[in-house]
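Architecture and fold: a report
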Amino acid sequence: MSVVTRFAPSPTGFLHIGGARTALFNWLFARHHGGRFRLRIEDTDRARSTQAAVDAIFDGLTWLGLDWDDEPVSQSARAERHAAVARDLLETGHAYLCFASAEELAAMREVARAAGRPVRYDGRWRDRDPAEAPPGVKPVIRFKAPTEGETSIEDQVQGGVTVANAQLDDMVLLRADGTPTYMLAVVVDDHDMAVTHVIRGDDHLTNAFRQMQLYHALHWTPPEFAHIPLIHGPDGAKLSKRHGALGVDAYRDQAFLPEAMVNYLLRLGWSHGDDEIIDRAQAIAWFDLDGVGRSPARFDLARLTSLNAHYIRQADDRRLVQLVLERLKELSSDEFSGEVRERLLRAMPGLKQRARTLVELADSALFLVRSRPITTDRDSDRVLDAAARGHLAVLRAVLADVPEWEAAALEQAVREHVAATGPGGPKLRDVAQPLRAALTGRTVSPPIFDVMAVLGRSETLGRLTDVLDGDRAD
RNA sequence: GACCCCAUCGUCUAGAGGCCUAGGACGUCACCCUUUCAAGGUGAAAACACGGGUUCGAGUCCCGUUGGGGUCGCCA
């Protein structure tokens, strides 16, 4: 039997971290087994689901590179089928009409809570004749759940789990308005979609028992269940908006690469020995349910960032230039000429080596796109003291004489110059920092001779002139 | 509260009874390399929640305690 997994988000307007990982695990499992990965939008709560909210989910998955098979199923479009199944259950005696009003139910819960008893529906309409129905009340269809014995599931992650049927009350299958509840809809949809493995958050574990009872009543073969532990916030509490329950789009905007996010999410709750850096192909080859852990994990931004730094270093330079340009446009009003793009591309190998995020990368590339005279930050100004300026004046002349404007030649010229000044003269470090400050306006940059090569002769000499002229103006 | 799940360094984890003097990674701290910063290299501090069993032997199995989480809707 071919594997079919599904990801069934409700359209909340974004794909959050936990959902992204659930989707990833389902996708990986399907790809590993050569099966299909399907999507189902749980939009039964029609008020909340807009096309924009649905698109946000698609965008998130696409960004992560999680492609799906077949057309996404819209749960709301299947209401008729759900209702039909509920009626079948009614006819086979596995369900019944319940005329209890909302107020009645609320009172029931209140009494149970006050008495310290489990809060459950008491089954008051379970064996009552519908003829006794109060006038004007539209009934719901409730599942006639077994009251004795127990229900077990053999979870692929959590192992065997059993609950006493007495713990489970008669859930509503079809609302008074004829629409299905989630509990009915998932079972029917998973069955109709031929889903073989339901991989989802741990928060659904207790739901699985009720769903299992439905499968039994319907004489359907239940899928395998795999409930993966939840992701918690850094403080161990449930992931909240404050820290991480952000949409993956927020992480994209906050400068993370999708492959870093995927690698991070993969290692959160799943492991393959001591392997840490795992690319997509390797993940597909290795992923399986027995590698999934049982305990919840905390979201750790530092680790995501570290992985991101790794993937930035691996990334293609042209792709990075493109990504950086998008950010640079927000930081600088300068027009980006072909020359500037060329500079970015040539500088990228050195730049990407020292950036952990795309924000840092863009920031570090800023000096390349600024037009003269560039501004210098506070630390650079400190570096550019009188002695430094004196060195720069001499160095400018030395550099101007270098016939071939290329990093190695420039370095050689400067090293020879420094060596010629003798023991009392400046060391390389004494001239490298002033050069860096004058050329980039920062005290941190890629190797300075690479910077000069990328900037080109006239821009380099020009920027030095700007600093020296400023000296004169003082 | 009831039911269910979970429990190894700060964090993510390796560990399927002897291979554990508990390993790796992120983070932290030193040092090396070095034109700055990264990267890289070397090293350090850092954990089996607690208590009982079972066993010749327990991080690994069982029970309890504690702690954390989840679920208890005509939400999904």
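Residues numbered from 1 in each chain as written. Chains lettered and ligands numbered in written order. Predicted model: local features only at pLDDT ≥ 70, side-chain atom pairs only at ≥ 80, totals over all residues. Heavy atoms only, no water.

Let's shift gears to the overall build of chain A. Check the secondary structure of chain A and you find 19 helices and twelve strands. Taking 23 Å as the expected radius of gyration for a compact globule of 474 residues, we find that chain A reaches 32 Å, considerably beyond that expectation. C-alpha atoms of chain A, sized along the principal axes, occupy 105 × 45 × 40 Å. Looking at chain A as a whole, 49% of its 474 residues qualify as buried. Sequence separation of 24 or more characterises 77% of the internal contacts of chain A that already satisfy a separation of 6 or more. A total accessible area of about 22500 Å² is found for chain A, and carbon and sulfur atoms account for 50% of it. The averaged location of the 69 negative side-chain charges in chain A is 3 Å from the averaged location of its 58 positive side-chain charges. (Helix = DSSP H or I, 4+ residues; strand = E, 2+ residues; numbered from the N terminus. Rg over C-alpha atoms; globule rule 2.2 N^0.38 Å. Buried < 20%, exposed > 50% of the residue type's maximum accessible area, 1.4 Å probe, protein only. Contact = heavy atoms within 4.5 Å. Areas by Shrake-Rupley, 256 points an atom, 1.4 Å probe, with all protein chains shown as cover. Lys, Arg positive; Asp, Glu negative; His and termini not counted. Charge placed at Lys NZ, Arg CZ, Asp CG, Glu CD.)

The terminal C-alpha atoms of helix H10 (residues 301–314) lie 20 Å apart, and with 14 residues this matches the ideal 20 Å at 1.5 Å per residue to within 8%. Leu-304, Thr-305, Leu-307, Asn-308, Ala-309, His-310, Tyr-311 and Ile-312 are the residues of H10 that are buried. Put simply, Asp-300 is the residue that caps the front of H10, since its side-chain oxygen is 3.2 Å from the backbone nitrogen of Ala-302. (Expected span 1.5 Å × (residues − 1). Polar contact = N/O pair within 3.5 Å; in protein donor to acceptor, adjacent residues only side chain to side chain.)

We now examine helix H2 (residues 51–64). The terminal C-alpha atoms of H2, which comprises 14 residues, lie 20 Å apart, in line with the 20 Å expected from a rise of 1.5 Å per residue. For H2, the set of buried residues is Ala-53, Val-54, Ile-57, Phe-58, Gly-60, Leu-61, Trp-63 and Leu-64. Those residues of H2 hidden inside the fold are in contact with strand E1 (4–7), helix H1 (17–32), strand E2 (36–41), helix H7 (248–253), helix H8 (258–267) and helix H9 (280–286).

This next bit is on the protein's contact with RNA strand B. Taken together, the neighbourhood of RNA strand B is formed by 66 residues, with Arg-175, Ser-271, Asp-274, Arg-354 and Ser-445 sitting nearest. The share of sugar and phosphate among atoms of RNA strand B within 4 Å of the protein is 71%. A distance of 2.6 Å separates a base nitrogen of RNA strand B from a polar side-chain atom of Asp-274. Between a sugar or linking oxygen of RNA strand B and a side-chain N or O atom of Gln-433, the distance comes to 3.1 Å. Counting residues per element, the surface near RNA strand B draws most heavily on helix H17 (residues 428–440), at five residues. Among the residues forming the surface near RNA strand B, the class breakdown is 23 nonpolar, 22 polar and 21 charged. (Near = heavy atom within 4 Å. Nonpolar A, V, L, I, M, F, W, Y, C, P; charged D, E, K, R; others polar.)

Attention now goes to the pattern of salt bridges. Note on pairing: side chains with opposite charge can pair once their charged atoms come close. Under the definition given, this model contains 30 salt bridges. Arg-40 is paired through a salt bridge with Asp-189; the nearest N and O atoms lie 3.7 Å apart. With a gap of 149 residues between them, Arg-40 in strand E2 and Asp-189 in helix H5 (residues 182–192) connect regions that are remote in the sequence. Here Asp-189 falls in the buried class, since its relative accessible area comes to 0%. Here the salt bridges share partners, and the residues they tie into one network are Arg-6, Arg-40, Glu-42, Arg-78, Arg-81, Asp-189, Asp-190 and Asp-192. (Salt bridge = Lys/Arg side-chain N within 4 Å of Asp/Glu carboxyl O.)

This part covers the packing of aromatic side chains. Summed over all chains, the structure comprises seven aromatic pairs. Seen in terms of ring centroids, Tyr-251 and Phe-299 are 5.7 Å apart; in terms of plane orientation they differ by 55°. Their pairing is tilted. Here Tyr-251 is found in helix H7, whereas its partner Phe-299 is found in the loop between strand E12 (297–298) and H10, with 48 residues between them in sequence. Neither Tyr-251 nor Phe-299 differs from the other in exposure class; each is buried. When the ring of Tyr-264 is compared with that of Phe-299, the centres are 5.5 Å apart and the planes differ by 85°; the resulting orientation is edge-to-face. Taken as a pair, Tyr-264 in helix H8 and Phe-299 in the loop between E12 and H10 lie far apart in primary sequence, 35 residues in all. Phe-299 carries the same exposure label as Tyr-264, and that label is buried. By the ring-pair criterion, three or more aromatic residues cluster together here, those being Tyr-251, Phe-256, Tyr-264 and Phe-299. Over the ring of Trp-125 we find Arg-128; its NZ or CZ atom is 4.0 Å from the centre of that ring. (Phe/Tyr/Trp six-rings, centres within 6.5 Å; stacked < 30°, edge-to-face > 60°. Lys NZ or Arg CZ within 6 Å of the ring centre and 35° of its normal.)

The subject of this paragraph is the environment of Gly-136. Along the chain, the position of Gly-136 falls in the loop between helix H4 (102–114) and strand E5 (140–143). Given the relative accessible area of 86%, Gly-136 is considered exposed. Linking Gly-136 and Asn-263, residues 127 residues apart in sequence, is a C-alpha distance of 57 Å.

Attention shifts here to the confidence of the model for chain A. Caution is warranted with low-pLDDT regions, since their predicted coordinates should not be read in detail. This prediction gives chain A a mean pLDDT of 91; 96% of its residues lie at or above 70. Here the predicted complex scores 0.93 on pTM and 0.94 on ipTM. (pLDDT = per-residue confidence, 0-100.)

So, about the sheet that holds strand E4 (residues 95–98). One open sheet accounts for three strands, arranged E4-E5-E8; its pairing is antiparallel. At either end of the open sheet lies a strand with only one pairing partner, and these are E4 and strand E8 (172–174). Pairs of neighbouring strands in the sheet enclose a mean axial angle of 45°, with direction left out of account. Both E5 and E8 contribute to a ladder of two bridges, which runs antiparallel. Bridge assignment links Ile-141 to a residue of E8, and that residue is Leu-174. (Pairing = 2+ DSSP bridges. Axes fitted to C-alpha atoms, helices over the stretch in contact; angles between N-to-C directions.)

Turning to the pairing of E2, a few remarks are in order. A regular strand places its side chains so that they alternate between the two faces of the sheet. In terms of burial, E2 is largely enclosed, as five of its six residues are buried. One ladder, built from four bridges, connects E1 with E2; its direction is parallel. Counterpart to Phe-7 in the pairing with E2 is Leu-39. Note that the unit made of E1, H1 and E2 has a crossover that is right-handed. Bridging between E2 and strand E3 (residues 73–74) involves two bridges; their strand directions are parallel. In the strand pairing of E3, Arg-40 is matched with Val-73. (Right-handed = clockwise from strand over helix to strand, strands pointing away.)

Relative to the helices and strands, Ala-387 resides in helix H15 (residues 386–400). When the C-alpha positions of Ala-387 and Pro-426 are compared, they lie 9.8 Å apart, and in sequence the two are 39 residues distant.

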